[in-house]
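Analysis of the macromolecular model
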Amino acid sequence: MSRRDPGGRGGRAILRFTLPERAVHHAVALLMIICLVTAACLYVPVVAAAVGRRELFKTIHVIAGFSLPAPILAGWLSKAFRTDLGRLNRFGDVDWEWLRRSDRRVVIDGEGAIPVGKFNAGQKLNAAFVAGAILVMLGTGAMLTFPGPFPDGWRTGATFVHDWLTLGIFAAFLGHLWFAMRDRGAMAGMWDGHVDRPWAARHHPAWLAEQSTQSTPEEPEKHDARRP
């Protein structure tokens, strides 16, 4: 699927993310931000002293945390979302090459030197980290929110993991935001859903070839006048 490129950079723009996919991304990002902000209000002494209202922020933190799986489960109803999950879950030779090579972003004749598909190895690793982090934070958060069934040793370990993983998530969030802000094409693809062909050729040439193949109608069979 494509449309006219409003920026006039590539003639036609290609649909990269459907509305359900973008909605899942934005909802998860918003819930993550709420969790990080409320965590700061609860556990960073300077921030906690400035904002006060600990119980309110604790309630918001718990609700946002336990709501994190909801957008992902809702997105499962979308075929495009399920297809992209399958792409993110595959790690092949091209991905290892992308990680090894320092010239991974070199462009030759307008096309990326490495035949990257819809997602590069960095995006796949980030998605795996986020998915794992959500599961771990849900488990440790449940132990801290409902401590009754769990022994003291478990709750102590859960507190340690929950706190340190929060710092890891914050670092990953800042890194994700930094890369996104440096790539206006990627930002457009997540906000508007479409990217132009030159951007796709530079960053995801294998995916562009796949899209071009899918969007090219089959050539009608030519009739041989010599046949009856």
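Attention in this report is confined to the structure presented alongside it. (Residues numbered from 1 in each chain as written. Predicted model: local features only at pLDDT ≥ 70, side-chain atom pairs only at ≥ 80, totals over all residues. Heavy atoms only, no water.)

1. Quick look at the overall build of the protein
For the record, the criterion: Labels follow the DSSP assignment, with helices taken as runs of H or I lasting at least four residues and strands as runs of E lasting at least two, numbered in each case from the N terminus. A simple rule labels every residue: compare its accessible area, found with a 1.4 Å probe on the protein chains alone, to the largest value its type can have, and call it buried under 20%, exposed over 50%, or partly exposed in between. Any two residues whose heavy atoms approach within 4.5 Å at even a single point are treated as in contact.
Helices and strands together make up the secondary structure of the protein, namely 11 helices and 5 strands. Considering the protein as a whole, with its 228 residues, one finds that 29% of them fall into the buried category. Within the protein, residue pairs in contact and separated by at least 24 positions form 65% of the contacts whose partners lie at least 6 positions apart.

2. A word on helix H7 (residues 121-145)
We apply this condition: Expected helix span is taken as 1.5 Å per residue step, with the number of steps being one fewer than the number of residues. For the purposes of these results, a polar contact is taken to be a pair of N or O atoms within 3.5 Å, where, inside protein, one atom must be able to donate a hydrogen and its partner to accept one; residues adjacent in sequence count only when each atom of the pair is a side-chain atom.
Over its 25 residues, H7 extends 35 Å from the first C-alpha to the last, a length consistent with the 36 Å expected when each residue adds 1.5 Å. For H7, every residue scored as buried is listed here: Ala 121, Lys 124, Ala 133, Ile 134, Met 137, Thr 140, Gly 141 and Met 143. Two or three places before Gly 122, at the opening of H7, Asn 120 has a side-chain oxygen 3.0 Å from that residue's backbone nitrogen.

3. Here we look at the packing of aromatic side chains
Filter applied, for reference: Here is the rule: rings of Phe, Tyr and Trp (six-membered ring for Trp) pair when centre to centre is within 6.5 Å. Planes less than 30 degrees apart are stacked, more than 60 are edge-to-face, and the remainder are tilted. Counting as a charge over the ring demands two things of the Lys NZ or Arg CZ atom: a distance within 6 Å of the ring centre and an angle within 35 degrees of the ring normal.
Under the defined criterion, the tally for this structure stands at 6 aromatic pairs. Ring plane angle 70° and centroid distance 5.1 Å describe the contact between Trp 178 and Phe 179, whose orientation is recorded as edge-to-face. Here the basic side chain of Arg 16 rests over the ring of Trp 207, its NZ or CZ set 5.0 Å away from the ring centre.

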